[in-house]
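Examination of the molecular architecture
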Amino acid sequence: MRLLALILLALAVSVGIATAATRSPGGSLEIKEGRGSFQITGKGVIVGRVDRGSLKIIDLTPADQWSPWVNGVPRGKNLWIKGRNITFRISAGRYRIVAGGDGVSVSARGTGTAVMDGDPDAVGDTGRYRVGDSQLDSVPDETTKTSFGISDLTASSCRSVKIQ
C-alpha cells in the first residue's frame, strides 16, 4: 500500500514538473521617461515612478496579502495620489495602474495590457517603451494598446494596435 502511494506521489510530482516546464514565463513591459497617460492592467510585479503627475492604483485581488506600496509605505487596496516624485510597487497579484504626467517610468513583469497615449513635449519627445526584449520605441502620441506576457485570455504579442 505504501509502495503504491509512493509511486503515485512520484508520478504526480513528475507530471507537475513537466506541466510547469511547458508554461511560458511572463513577459515584461518597460516605459522610460514617458510623457502622457498610461493605463496598465496586469498580473505579476510592477514598480515605477512618476516625476510629476498623478497615479491611481486599483488592486484587482483585494483579498490577497499584497498591498501596493507608494513612496515606501504600504497603502490601501485602492488609491489616488497627485504630486512629484511618486514611487510605487506591487509585489504580486492583479492590478490596474493609471499614471499620467511627466517622467513616467514603469517596469512590469508578468502578463497584461498597456494603453498608452503620449503627449509630446516642445521637441516632440514622448518617452520610450519596450515589450519583452524588443528595441526601445517612442511612446505613440495616439492612443495605442499593447500586451505583454502570455495569459489565458490574450495571446503573446509585441505588436501595438492603435485604438480608433
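The shown structure was predicted, so the numbers you read here are calculated from the model rather than taken from an experiment.

Attention shifts here to the environment of Lys-82. With respect to the element layout, Lys-82 can be found in strand S4 (residues 78-90). Spatially, the C-alpha atoms of Lys-82 and Gly-100 are 9.4 Å apart, while their sequence positions differ by 18 residues.

This part is about the pattern of salt bridges. For the structure shown, the criterion picks out five salt bridges. A salt bridge links Lys-32 to Glu-30; the nearest nitrogen and oxygen atoms lie 3.6 Å apart. With a closest N to O distance of 2.7 Å, Arg-49 and Asp-51 form a salt bridge. Residue Arg-49 is classed as partly exposed on the basis of its relative accessible area, which comes to 33%. Taken together, the salt bridges that share partners define one network made up of Glu-30, Lys-32 and Arg-130.

Within the fold, Val-106 resides in strand S5 (residues 94-118). In sequence terms Val-106 and Thr-87 are 19 residues apart; their C-alpha atoms lie 9.8 Å from each other. Apart from the residues lying within four places of it in its own chain, the contact partners of Val-106 are Leu-29, Glu-30, Ile-31, Ile-40, Ile-46, Val-47, Gly-48 and Phe-88.

A complete count under the given rule lists zero aromatic pairs for this structure. Positioned above the aromatic ring of Trp-69, the side-chain terminus of Arg-89 is 4.6 Å from the ring centre.

A word on the pairing of strand S8 (residues 144-148). The buried count for S8 comes to four of five residues, which makes it a mostly enclosed element. Across five bridges, S5 lies against S8 in antiparallel orientation. When the sheet's bridge partners are listed, Thr-113 is paired in S8 with Ser-147.

Thresholds, definitions, all that
- Residues numbered from 1 in each chain as written.
- Predicted model: local features only at pLDDT ≥ 70, side-chain atom pairs only at ≥ 80, totals over all residues.
- Heavy atoms only, no water.
- Helix = DSSP H or I, 4+ residues; strand = E, 2+ residues; numbered from the N terminus.
- Salt bridge = Lys/Arg side-chain N within 4 Å of Asp/Glu carboxyl O.
- Buried < 20%, exposed > 50% of the residue type's maximum accessible area, 1.4 Å probe, protein only.
- Contact = heavy atoms within 4.5 Å.
- Phe/Tyr/Trp six-rings, centres within 6.5 Å; stacked < 30°, edge-to-face > 60°.
- Lys NZ or Arg CZ within 6 Å of the ring centre and 35° of its normal.
- Pairing = 2+ DSSP bridges.

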